[in-house]
Amino acid sequence: MGQDGLRGIAVVDVGFTNTKIALFSGAGELLAERKAPSRHVPAPPYKHIDPEPMVALCRSALPELDAMLPIDAVVPTAHGAAMACLDAEGRLALPVMDYTSEPPPAVVADYEKIMPGFEEALCPLLPMAITHGLQLYWQQRAWPDDFARVRTLLPWIQYVGFRLSGVAVTEISSMACQTHLLDIRAQEPSSTARRLGWDRLYAPRAKAWETIGTLKDEFRGASFRGAARVLGGVHDSTANFMRYVCAGLDRFTLVSTGTWSISFDPSTSVDVLDPARDTNTNTDVLGRNVCCSRFFGGMEFAAVANGAPAEAASLACVAALVARGTYAVPSFTMTSGPAPGSAGKGCVKGPAAESAEERATLAALYCALMVSEQLDAIASKDGIIVDGPFSQNPVLLGVLAALRPAQQVKASALRDGTTAGAAALAMIENGRLPAIAIRMAEVTPADVPGLDAYRAIWRALAYAAR
């Protein structure tokens with residue numbers, strides 16, 4: 001669907017915390033938003049996602065937004081860590097698993113015996129129930145009668161599109177986002193999926209920008225004006241990455257921050273990936289493998305700051321912490337990120353950070369060091385773009401630029417790349433991406449005496465946690 005004649009674009013963005021519907025013009029200008037909380041339900045049978053608040057928001061907001069500007073395209077996007085299991089009538093045979101569910105240790109141990117190797121899946125087994133293959137294995141083993149009724153497996157992203165249009169598809173960025181469901185290089189069902197028969201349940205594949213159907217009547221209200229084509233949809237992090245590709249960028253590393261800090265580098269070979277350092281690939285909507293690394297950036301920052309606001313940090317305080325030898329050592333959450341074996345071992349060594357300024361500054365210094373390590377984990381060599389909350393932290397940015405003197409660091413002015421990137425998919429014409437610029441500011445490296453020596457000691461402490 002090209003940009004010519006395209007009026008309104010509605011992006012249905014189903015996040016872990018909130019569902020948002022964003023209305024864009026055909027040129028990619030954000031016009032309006034509507035939000036509602038996402039709903040998570042406790043066990044039994046396990047923690048799960050209730051899709052009905054999302055459906056209710058679509059039912060009320062889409063006609064309202066269409067009255068502002070006729071909606072010609074609806075683009076689903078969502079977090080990539082859930083699967084929908086549909087029965088023959090298109091109903092959920094099992095609840096959609098919340099990825100914070102904790103599978104029984106025996107299930108995890110048995111799954112580890114049959115899961116695809118890293119060289120095939122290009123991602124490690126992730127904690128909790130984040131990995132789709134583990135979710136399905138647990139469901140199939142613990143609720144065999146319910147699982148026997150499954151006729152279609154859909155990523156959560158495409159389940160959103162299915163509820164809107166009634167058409168079930170899969171899409172490459174959604175099926176390949178650390179799922180264990182695909183052989184990434186071949187872009188075919190993984191050995192585990194074939195062994196357990198899941199591959200026979202995969203819905204047909206569509207491209208993210210392809211029209212799969214039209215909006216059901218229940219979402220149109222009485223006087224819907226737009227064409228209401230529903231597109232294939234896209235993994236949320238990949239949508240954000242694609243927004244930068246649409247800005248004409250080719251060789252770059254994107255550090256996308258929020259709850260997670262995820263680095264994307266399209267120029268790095270998959271041969272450098274190391275499962276011990278939480279590296280993996282995402283596959284973009286064009287089918288290209290993009291090397292990634294990550295750590296729980298937002299949560300780690302909050303743990304070190306201990307209630308101090310990010311804006312309390314200062315570069316003068318960075319110099320003081322470095323001079324006196326105060327170190328935040330990974331990791332403060334149950335993930336290790338680029339520092340293998342550090343999960344849950346986070347601590348502060350040296351004199352404690354007492355004031356709000358010191359705690360916020362230590363958090364910024366620590367996260368700059370961790371971002372630099374995650375960049376090393378994917379052999380980042382080109383310009384670095386930081387977006388999300390870390391892009392608004394001048395202390396963190398200045399330290400990061402000082403740690404990466406051979407690379408230009410830029411802070412993106414883009415505030416919601418997921419919805420903007422998803423909207424850009426509606427502007428693709430004959431497989432050609434639209435050209436939409438992004439404002440970015442160059443970051444001046446901070447002048448911190450002794451920073452290199454401080455980093456050397458910090459690394460020794462961080463990697464001693466193995």
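Residues numbered from 1 in each chain as written. Predicted model: local features only at pLDDT ≥ 70, side-chain atom pairs only at ≥ 80, totals over all residues. Heavy atoms only, no water.

1. Brief notes about the packing of helix H1 (residues 52-68) against helix H6 (residues 156-165)
For the record, the criterion: Angular values range over 0 to 180 degrees, each being the angle between N-to-C directions of two axes fitted as lines to C-alpha atoms, with helices fitted over their stretch in contact. Only DSSP runs of H or I with at least four residues qualify as helices, and only runs of E with at least two residues qualify as strands; both kinds are numbered from the N terminus onward. Here the word oblique covers every angle except those under 35 degrees (roughly parallel), over 145 (roughly antiparallel) and from 65 to 115 (roughly perpendicular). Crossing handedness is defined as follows: a turn of the near helix away from the far one that is anticlockwise and smaller than a right angle gives a left-handed crossing, while the clockwise case is right-handed. In what follows, a contact means two residues having at least one pair of non-hydrogen atoms within 4.5 Å.
Contact geometry for H1 and H6: axes closest at 11 Å, N-to-C directions at 50 degrees. Considering the angle they form, H1 stands oblique to H6. Between H1 and H6 the crossing geometry is right-handed. In this structure, H1 contributes Glu-52, Met-54, Val-55, Cys-58 and Leu-62 to the contact, and H6 contributes Val-160, Arg-163 and Leu-164.

2. Structural notes on the side chain of Glu-120
Quick reminder of the rule: The cut-offs for exposure are 20% and 50% of the maximum accessible area for each residue type, with area from a 1.4 Å probe on protein chains only; residues under the lower value are buried, those over the upper are exposed, and the others partly exposed. Under this rule, positive means Lys or Arg and negative means Asp or Glu; His and the chain ends count for nothing. Within this document, salt bridges are pairs made up of a side-chain nitrogen of Lys or Arg and a carboxyl oxygen of Asp or Glu, the two lying within 4 Å of each other.
Summarising the element assignment, Glu-120 is placed in helix H3 (residues 118-121). Within the buried set, Glu-120 has no salt-bridge partner at all; the shortest N-O distance to an opposite charge, 4.9 Å, is to Arg-194. Not counting residues within four places of it along the chain, the set of residues in contact with Glu-120 comprises Leu-182, Asp-183, Ile-184, Ser-190 and Ser-191.

3. Observations regarding the sheet that holds strand S9 (residues 96-97)
To keep it simple, the criterion reads: A pair of strands counts as paired when DSSP detects no fewer than two bridges linking them.
The strand order across the open sheet formed by three strands is S4-S5-S9, and the pairing between neighbours is antiparallel. Edge positions in the open sheet fall to strand S4 (39-41) and S9, since each of these has one partner strand only. Here two bridges tie strand S5 (residues 48-50) to S9, and the two strands are oriented antiparallel to one another. Counterpart to His-48 in the pairing with S9 is Met-97.

4. Section: the sheet that holds strand S7 (residues 83-86)
Taken together, three strands build an open sheet; the order of strands is S8-S7-S10 and the sheet is antiparallel. Only two strands of the sheet have a single neighbouring strand rather than two, namely strand S8 (92-94) and strand S10 (152-155). Strand-to-strand twist of the sheet, defined as the mean angle between neighbouring strand axes without regard to direction, takes the value 50 degrees. Pairing of S7 with S8, which is carried by two bridges, proceeds in the antiparallel orientation. Along S8, the bridge assignment pairs Leu-86 with Leu-92. In this fold helix H4 (residues 132-142) packs onto S7, S8 and S10, with an angle of close to 35 degrees to the strand it touches most, S7. Sitting on the sheet, H6 is in contact with S7, S8 and S10, with an inclination near 105 degrees to S10.

5. A short note on the pattern of salt bridges
Summed over the entire model, instances satisfying the criterion amount to 24 salt bridges. Here Arg-163 makes a salt bridge to Glu-52, at a shortest N to O gap of 3.0 Å. Placement of the pair is Arg-163 in helix H6 and Glu-52 in helix H1, with a sequence separation of 111 residues. For Arg-459, the salt bridge is made with Glu-373, and the minimal N-O distance between the two is 2.7 Å. Taken together, the residues span a long stretch of sequence, with Arg-459 in helix H15 (residues 451-463) and Glu-373 in helix H12 (residues 356-377) at a distance of 86 residues. Within the structure, one salt-bridge network assembled from shared partners comprises Asp-87, Glu-89, Arg-91, Asp-146 and Arg-149.

6. Section: the layout of surface pockets
Spelled out, the test is: Any residue with an atom within 4 Å of a point lines the site, the site being either a cavity, points on a 1 Å grid over the protein atoms alone where a 1.4 Å probe fits but cannot get out, or a pocket, an open set with protein on both sides within 12 Å along at least 5 of 7 lines. Grid points are joined across faces, edges and corners, and a volume is the space filled by probe spheres set on the points. The residue classification treats Ala, Val, Leu, Ile, Met, Phe, Trp, Tyr, Cys and Pro as nonpolar and Asp, Glu, Lys and Arg as charged. All others, Gly included, are polar.
Of the volumes computed, that of the second largest pocket is approximately 280 Å³. If you trace the second largest pocket, you find 17 residues lining it, with Arg-243, Leu-414, Arg-415, Asp-416 and Ala-420 closest to the centre. In terms of residue count, the dominant contributor to the lining of the second largest pocket is helix H14 (residues 417-425) (four residues). Residues that form the lining of the second largest pocket fall into these classes: eleven nonpolar, two polar and four charged.

7. Quick notes on the environment of Thr-214
Among the structural elements, Thr-214 can be located in strand S13 (residues 211-214). Separated by 50 residues in sequence, Thr-214 and Leu-164 place their C-alpha atoms 7.9 Å apart.

8. Brief notes about the packing of H12 against helix H13 (residues 394-403)
At their nearest, the axes of H12 and H13 sit 8 Å apart, and the two run at 40 degrees to each other. When the axis of H12 is compared with that of H13, the two are oblique. For the element pair H12 and H13, the recorded crossing hand is right-handed. Every residue of H13 that contacts H12 at Ala-364, Leu-365, Cys-367, Ala-368, Leu-369, Val-371, Ser-372 and Leu-375 is listed here: Val-395, Leu-396, Val-399, Leu-400 and Leu-403. Here the residues of the contact of H12 with H13 sort into twelve nonpolar, one polar and no charged.

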